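# Structural description and commentary
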Amino acid sequence: LKDHPDISPETKSLVKALAAKMNYQPNLMAQGLRQSRSSTIGVIVPEFVHFFFSTVLAGIEDAASERGYHVMMTRSQELLDREQKNLKALWDSRVDGVLVSISKETTSYTHFEEMLDNGLPVVFFDRAPKDLECSHVVVDDHDGAYTAVDLLVRKGCKHIAHLAGPEALGISDDRLEGYVDCLKKNDMVIDDSLIVRCEEGGYEESYELTKKLFLEHPEIDGIFANHDMSAFGAILALQDLNISVPDQVKVVGFSDWQLAQLIKPKLSTISQPGYEMGREAAEILIEEIESEKCLGVRKELKTSVIERQST
């Protein structure tokens, strides 16, 4: 059953045929006790009900299943305390390794350092701390943001606002830097008053912030949102202000949620390879588990721009 090279192909075939007839499944937990492994990997994500994270989880599950691993999923709800408790629960459940996308509250990484010091492999995806010596799988957020703003510039926008993400998240800073660098490249003024932080991340927040922004800056003709949910709120606010999208203001989001094609006008956005990210992260983690060493891989996946009606 384990495909040992000392067993003849004929015997293997007979044994596998009988196992299939009897619907025999190996007891992974029993094997794990014998091998000091559980054949289970843990996952911590900020949210389950999130289109991007759901695609990442699909990639993780597929890659893990192909390598004979089960997946135990938890969510932090964007809370540091919940993240710490989830990590401890996964450790207590004897998982072989953990995949993590950190919460927006996470600025200290001592809970991860403790697990790494205890020999638990940890691989980060999407939201990753820059100071920990461990493997990461992320997208090129800077390049994606640069591409989004460049689209607005090419469409003739002269006064581009940015609905930025939570200050604690590295991806927010990378996207802000991409926005700034694109404006500089095109010899445009960097106006700090056109950069607004969306700390909560919901469309209600960006709706209110966009309304306030346009009362103070009616000259704005383009918006780059840190993610699609903020872009949805911006579009709704503009519609309520009787400002036409895209005729008067053009809008670009980030992530390509399914709702991007349902809102009117359909949202131009930056697509992230979530499924591929999940597969890559899971494969790296399993390689670290089985080789019993940290690979220190930092893999950066490319994004792509999807132009729709909002530009």
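As a starting point, this report considers the structure included with it. These numbers come from a predicted model, not from an experiment.

Attention shifts here to unusual backbone geometry. In this structure, Pro 246 follows Val 245 across a cis peptide bond, with omega equal to 15°. As for its position among the elements, Pro 246 is in the loop between helix 9 (228-240) and strand 9 (250-252). Following Lys 264, the chain continues to Pro 265 via a peptide bond in cis, the omega torsion being -5°. Within the element layout of this structure, Pro 265 appears in the loop between strand 9 and strand 10 (269-271). At Gln 77, a position not held by glycine, the phi torsion is positive, near 55°. Mapping Gln 77 onto the fold places it in the loop between strand 2 (70-75) and helix 4 (80-92). For Gln 77, a relative accessible area of 29% gives the class partly exposed.

A pair of packed helices can be characterised by two numbers: the angle between their axes and the separation between those axes. Their axes nearest at 10 Å, the elements helix 4 and helix 5 (residues 110-117) cross at an angle of 15°. One element, helix 4, and the other, helix 5, form an angle in the roughly parallel class. Where helix 4 crosses over helix 5, the two elements pack in a sense that is left-handed. Note on element contacts: helix 5 touches helix 4 through His 111, Phe 112 and Met 115, opposite Leu 80, Glu 83, Gln 84, Leu 87, Lys 88 and Trp 91. Taken together, the residues of the contact of helix 4 with helix 5 sort by class into 5 nonpolar, 2 polar and 2 charged.

A word on helix 6 (residues 141-154). Taking 1.5 Å per residue as the helical rise, helix 6 with its 14 residues ought to reach 20 Å, and the 20 Å between its terminal C-alpha atoms agrees with that figure. When helix 6 is considered as a whole, its buried residues turn out to be Asp 141, Gly 144, Ala 145, Ala 148, Val 149, Leu 151, Leu 152 and Val 153. Of the residues flanking the end of helix 6, it is Gly 156, one or two places downstream, whose phi is positive at about 100°.

Within soluble globular proteins, side chains that are nonpolar generally end up buried alongside one another. One finds Ile 160, Tyr 179, Ile 223 and Val 251 to be the most contacted residues of the largest nonpolar core, which totals 42 residues. Elements with a contribution of two residues or more to this core: helix 6, strand 6 (160-164), helix 7 (170-185), helix 8 (203-216), strand 8 (222-225), helix 9 and strand 9. In this structure, Phe 52, Phe 53, Leu 99 and Ala 281 belong to the second largest nonpolar core, which totals 24 residues.

Judged by which residues are buried, strand 3 (residues 97-100) turns out to be covered on both faces: Gly 97 and Leu 99 on one side and Val 98 and Val 100 on the other are all buried. Relative to strand 3, strand 1 (residues 40-45) runs parallel, the two being bridged by 4 bridges. By the bridge assignment for strand 3, Ile 41 is matched with Gly 97. In this structure, strand 3 lies alongside strand 4 (residues 122-125), joined through 3 bridges in parallel fashion. By the bridge assignment for strand 4, Val 98 is matched with Val 122. Between the parallel elements strand 3 and strand 4, the chain passes through helix 5 in a crossover that is right-handed.

Among the structural elements, Cys 198 can be located in the loop between strand 7 (195-197) and helix 8. Sequence spacing of Cys 198 and Ser 230 is 32 residues, and the spatial spacing of their C-alpha atoms is 7.7 Å. Contact partners of Cys 198, with chain neighbours within four places excluded, come to Leu 163, Ala 164, Gly 165, Pro 166, Glu 205, Ser 206, Leu 209 and Ser 230.

Let us now look at helix 10 (residues 274-291). A rise of 1.5 Å per residue sets the reference length of helix 10, with its 18 residues, at 26 Å; its end C-alpha atoms lie 26 Å apart and thus fit the reference within 8%. Those residues of helix 10 not exposed but buried are Gly 274, Met 277, Gly 278, Arg 279, Ala 281, Ala 282, Ile 284, Leu 285, Ile 286, Glu 288 and Ile 289. Looking at the buried positions of helix 10, the neighbouring elements they touch are strand 1, helix 3 (51-66), strand 3, strand 4, strand 5 (135-139) and strand 11 (298-301). Immediately downstream of helix 10, the backbone of Glu 292 shows phi near 55°, a positive value.

About the thresholds
- Residues numbered from 1 in each chain as written.
- Predicted model: local features only at pLDDT ≥ 70, side-chain atom pairs only at ≥ 80, totals over all residues.
- Heavy atoms only, no water.
- Helix = DSSP H or I, 4+ residues; strand = E, 2+ residues; numbered from the N terminus.
- Buried < 20%, exposed > 50% of the residue type's maximum accessible area, 1.4 Å probe, protein only.
- Axes fitted to C-alpha atoms, helices over the stretch in contact; angles between N-to-C directions.
- Parallel < 35°, antiparallel > 145°, perpendicular 65-115°, else oblique.
- Left-handed = near helix turned anticlockwise from the far one by under 90°.
- Contact = heavy atoms within 4.5 Å.
- Nonpolar A, V, L, I, M, F, W, Y, C, P; charged D, E, K, R; others polar.
- Expected span 1.5 Å × (residues − 1).
- Core = buried A, V, L, I, M, F, W, Y, C linked by side-chain atoms within 4.5 Å.
- Pairing = 2+ DSSP bridges.
- Right-handed = clockwise from strand over helix to strand, strands pointing away.

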